[in-house]
Amino acid sequence: MTLIEFLVLLLVASIAGSVGRALAGYSHSGCLLSIVVGFIGAFLGEWIAREAEAPLVFTIHLGGRAF
C-alpha cells in the first residue's frame, strides 16, 4: 500500500466515521476516534459483504484494488 492509497483510505474512513458520529449524536470523542470507527466499520463491512456474497454497489478502484 502506497502513501497515497493510505491517505485516501484515511480520508474515506474519516468521512464514514463523521457520518456515523452525526447519525449517532454528539460524543466527546475526537477526529481520531471517528477515523478508527470508520476503519473498523470498513473492515467489518467488507468481511460481511464477502461472506454474504453481496454484489458490489459502489466501488472505488485504487492501486489495483477494489474498495
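Fair warning: this is a prediction, and the values are worked out from it, not measured in the lab.

Enquirer: What is the right way to read the overall build of the protein from this model?
Expert: The helix and strand inventory of the protein stands at two helices and two strands. Helices and strands in the protein line up, N terminus first, as α-α-β-β. On the principal axes, the C-alpha backbone points of the protein span a range of 35 × 30 × 15 Å. Counting the 67 residues in the protein, one finds 13% classified as buried. Of the roughly 5,400 Å² that the protein leaves accessible, carbon and sulfur atoms contribute 73%.

Enquirer: How should the environment of Val19 be read in this particular structure?
Expert: When you line up the elements, Val19 lands in helix H1 (residues 3–24). Separated by 17 residues in the primary sequence, Val19 and Thr2 place their C-alpha atoms 26 Å from one another.

Enquirer: Whenever I open this one, helix H2 (residues 31–52) confuses me. Can you help?
Expert: Each α-helix winds once per 3.6 residues, and so residues spaced three or four apart point in a common direction. When the terminal C-alpha atoms of H2 are compared, their 31 Å separation across 22 residues agrees well with the 32 Å that a helix rising 1.5 Å per residue should span. Three or more residues of H2 are buried, namely Ser34, Ile35 and Gly38. Buried residues along H2 cover an arc of 95° about the axis, so they all sit on one side. Across from the buried face of H2, at angles greater than 90 degrees, the exposed residues are Leu32, Phe43 and Glu51. Where the residues of H2 are buried, they touch H1.

Enquirer: Which parts of the structure should I look at to understand a nonpolar patch on the surface?
Expert: A grouping of Leu33, Val36, Val37, Ile40, Leu44, Trp47 and Ile48 is seen on the molecular surface, where their side chains present a nonpolar patch of about 660 Å² in accessible area. Positionally, Leu44 belongs in helix H2. On the accessibility criterion, Leu44 (48% relative accessible area) is partly exposed.

What counts and what doesn't
- Per chain, the residues get numbers from 1 upward, laid out in the order the sequence is written.
- Side-chain atom pairs in this predicted model are given and counted only at pLDDT of 80 or more, local residue features only at pLDDT of at least 70, and totals for whole chains, interfaces and linings cover all residues.
- The side-chain quantities take in all heavy atoms of the structure and omit both hydrogens and water.
- Here a strand is any run of E in DSSP of at least two residues, a helix any run of H or I of at least four, and the numbering for each starts at the N terminus.
- Type-normalised accessible area, obtained with a 1.4 Å probe on protein chains alone, sets the label of each residue: buried when under 20%, exposed when over 50%, and partly exposed for intermediate values.
- Reported accessibility uses the Shrake-Rupley method at a 1.4 Å probe radius. Residues are deemed covered only where the shown protein chains occlude them.
- Each residue after the first adds 1.5 Å to the expected span of a helix.
- Directions drawn from the helix axis to the C-beta atoms are what define this arc.
- Note on contacts: a residue pair qualifies if any of its non-hydrogen atoms lie within 4.5 Å across the two residues.
- Residues qualify for a patch when their relative accessible area is over 30% and they have no salt bridge, like charges being joined within 9 Å and the nonpolar side chains of Val, Leu, Ile, Met, Phe, Trp and Tyr within 5 Å.
- What counts as a salt bridge is simple: a side-chain nitrogen of Lys or Arg found within 4 Å of a carboxyl oxygen of Asp or Glu.

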